[in-house]
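Residues per chain, in single letters:
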Amino acid sequence: MSGFLKSSIGRKIAMALSAFFLMFFLIIHLAVNITSIFSPDLFNELSHFMGTNPLVQFALQPVLVFGVVFHFVMGFVLELKNRKATIVKYVQDNGAANSTWMSRNMIYSGIAILAFIVLHFIDFWIPELNHKYIVGMPEDPTRYFGELQHKFVPVWRVIAYVVAFIFLGLHLAHGFTSAFQSMGSTAGRKKTLQQIGKAYSVIIPLGFIIVAVFHFLNH
Amino acid sequence: MNLTLKIWRQKDSNAKGQMVDYKVNDISEHMSFLEMMDVLNEQLVNSGEEPVAFDHDCREGICGMCSLYINGEAHGPDRGITTCQLHMRMFNDGDTITIEPWRASPFPVIKDLIVDRMAFERIQQAGGYISVNTSGNTQDANSLPISKHAADEAMDAAACIGCGACVASCKNSSAMLFVGAKVSQYALLPQGQVEAADRVKNMVAQMDLEGFGNCTNTGACEVECPKGITLESIARMNREFVKANVKG
Ligand code: HEM
Ligand code: SF4
Ligand code: FES
């Protein structure tokens, strides 16, 4: 198995698997966030469930953390090898003639997402861990909505969200179908999946942006 | 037409190269790109200069020897052709044309526009073959039934001429299109099954060892491939690779 992960194809498949998990996770995450627009109670209820359910906390969450870390670490590992393979650059290189900007810049859209994940970690995760395990406050199932609203007061954070999610959209515009190709499936080359991919890469980031902007305007 | 050429000149593999400007005049639009290069070289020889070294052999688009990165694209701006089939009618009078060698760490420059593509040979030697006994008792190939669909797809994959345009076009210098084609041409046929697992494992291992990059599925290779090899070959290789590893 370690040999598999040392090979270029094995790494690529692992990259795609982690990406599939992240794409699945984003759907759930967005679904929860959207409820905050029309029902603070439902949002609180779902957040409370996510934050206290042992299956989510001790099975899904570790898998998620592993998936994110694996994905970006492997992204850097692949990028490094690719750079070694292309030390001398062309004087004139017309990349746009044969590929999309998104596909050629996955590492940069990825780094933008990573910067956002760090911010997100500082914003939500550290306070959450602090609340639960360090200070050991009693659980208040109604606290989540207020915390969320509070986050979207400063305009800089809303702008950071919007920019990060635009990069996520660009990452996914190539990544969604690319992940199928990496798994050895040609389905990503068919029109249906290309359209689903396009829809996914617009709807998901747009959804997160709408939630952020909504709370910025309505607190 | 009259043209300005910016060409990579490099004395040998150790020398530091640079782009050098040349002028060529009265180029006919009916000439092939390599004929235009011949005109330049004749000019250089006549004036006592070193001609530009470039690879070519058949000049019919079948051998895969010609290369050249022309105006930022492998085999130039046309599609589905090699450089020897690129015609000067694709360019205009007064154009400046940039001509560079394939750039990839596993394809080091030997001289000027010629690169060493032996890495492809070594990948082939690692598994791009089938073991059949040809010593006088060869079987009739038709004794093995093969579906038309599989035969067609295998033939399409076998069209790869090993030119290296895929590597040259790839931002990662990945050789997956080439190796995918070579793996596919056997994976689709019954003769290829016996050694299928070893073949894909060994060829991929050699590809990695040579220092080619990873595949990001940008698709640049299939656009620039003169023989229409598609990303489906890479997908098939990925499946073959998983299959081979699951089997152990
Ligand atoms: C929730 C966040 C993310 C999602 C949903 C996501 C999704 C994807 C998808 C679907 C792919 C295509 C996989 C494939 O072609 O096999 C991909 C590739 C990639 N991702 Fe992400 N990604 C995320 C975060 C990141 C981060 C933080 C980085 C940090 C560097 C990153 C770097 C990359 C790179 C470099 C590739 C291209 C790998 C290659 O094919 O060469 N991604 N991502
Ligand atoms: S796959 Fe196409 S571009 Fe690559 S070596 Fe074969 S013929 Fe040339
Ligand atoms: S010289 Fe043979 S393919 Fe161009």
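Residues numbered from 1 in each chain as written. Chains lettered and ligands numbered in written order. Predicted model: local features only at pLDDT ≥ 70, side-chain atom pairs only at ≥ 80, totals over all residues. Heavy atoms only, no water.

A. A look at the overall build of chain B. Each helix and strand in chain B was counted, giving eight helices and seven strands. Its C-alpha atoms put chain B at 60 × 35 × 35 Å along the principal axes. Considering only intrachain contacts with a sequence separation of at least 6, the fraction spanning at least 24 residues in chain B is 69%. Just so you have it, chain B exposes about 10,900 Å², and 50% of that area is on carbon and sulfur atoms. (Helix = DSSP H or I, 4+ residues; strand = E, 2+ residues; numbered from the N terminus. Contact = heavy atoms within 4.5 Å. Areas by Shrake-Rupley, 256 points an atom, 1.4 Å probe, with all protein chains shown as cover.)

B. Local environment of the site of ligand 2. Residue and element names in this part refer to chain B. In the vicinity of ligand 2, 14 residues are found, and the nearest of them are Cys-160, Cys-163, Gly-164, Cys-166 and Cys-225. Among the detected pockets, ligand 2 sits in the second largest cavity. Contributions of two or more residues to the shell around ligand 2 are made by α4 (165-169) and α5 (176-187). A class-by-class count of the residues in the shell around ligand 2 yields 11 nonpolar, two polar and one charged. (Near = heavy atom within 4 Å. 1 Å grid on protein atoms, 1.4 Å probe; cavity = no way out; pocket = protein on both sides within 12 Å on 5 of 7 lines; lining within 4 Å. Sits in = over half its atoms within 2 Å of the grid points. Nonpolar A, V, L, I, M, F, W, Y, C, P; charged D, E, K, R; others polar.)

C. Quick look at the pairing of strand β1 (residues 3-9) of chain B. Residue and element names in this part refer to chain B. Most of β1 sits inside the fold, with six of its seven residues counted as buried. As judged from the seven bridges shared by β1 and strand β2 (residues 18-24), these two strands associate in the antiparallel manner. In the sheet register, Leu-5 faces β2, and the bridge partner there is Tyr-22. Sheet analysis places β1 next to strand β5 (residues 96-100), joined by four bridges and oriented parallel. Its bridge partner being in β5, Leu-5 is matched across the sheet by Ile-97. (Buried < 20%, exposed > 50% of the residue type's maximum accessible area, 1.4 Å probe, protein only. Pairing = 2+ DSSP bridges.)

D. The arrangement of the packing of aromatic side chains in detail. Taken as a whole, this structure holds 19 aromatic pairs over all chains when the rule is applied. On the numbers, 3.5 Å between centres and 10° between planes, the contact of Tyr-90 of chain A with Tyr-69 of chain B is stacked. Here the residue Tyr-90 of chain A occupies a position in the loop between α4 (54-85) and α5 (101-104), and Tyr-69 of chain B occupies one in strand β3 (residues 69-70), the pair thus bridging two chains. The same class applies to Tyr-90 of chain A and to Tyr-69 of chain B, which are both buried. Seen from their ring centres, Phe-116 of chain A and Tyr-161 of chain A are 4.9 Å apart, and the 85° between their planes marks the pair as edge-to-face. Pair noted here: Phe-116 of chain A is in helix α6 (residues 106-134) and Tyr-161 of chain A is in helix α8 (residues 155-182), with a separation of 45 residues, a long-range link. (Phe/Tyr/Trp six-rings, centres within 6.5 Å; stacked < 30°, edge-to-face > 60°.)

E. Structural context of the sheet that holds β2 of chain B. Taken together, the five strands give an open sheet; going across it, the order is β2-β1-β5-β3-β4 (chain B), and neighbouring strands pair in mixed fashion. Both edges of this open sheet fall to β2 and β4 (73-74) of chain B, since each of them pairs with a single strand only.

F. Highlighting empty space enclosed by the protein. All names here are of chain B. Within the structure shown, the criterion is met by two cavities of 30 Å³ or more. Lining the largest cavity are 16 residues, and of these Cys-170, Cys-215, Asn-217, Thr-218 and Cys-221 sit closest to its centre. In the lining of the largest cavity, the residues fall into eight nonpolar, seven polar and one charged. One number sums up the size of the second largest cavity: a volume of about 80 Å³. Elements with a contribution of two residues or more to the lining of the second largest cavity: α4 and α5. For the lining of the second largest cavity, the class distribution of residues is 10 nonpolar, two polar and one charged. (Points joined across faces, edges and corners; volume = space filled by probe spheres on them.)

G. Spatial organisation of the nonpolar core. One finds Val-179, Phe-212 and Met-237 of chain B to be the most contacted residues of the largest nonpolar core, which totals 42 residues. Only α2 (8-38) of chain A together with α2 (118-125), α4, α5, α6 (196-209) and α8 (231-247) of chain B provide two or more residues apiece to this core. With six residues, the single largest contributor to this core is α5 of chain B. Not counting residues up to four positions away in its chain, the partners in contact with Val-179 of chain B are Ile-123, Met-203, Met-207 and Met-237 of chain B. If you look at the next biggest cluster of nonpolar residues, it comprises 28 residues, including Met-1, Leu-3, Cys-66 and Leu-86 of chain B. (Core = buried A, V, L, I, M, F, W, Y, C linked by side-chain atoms within 4.5 Å.)

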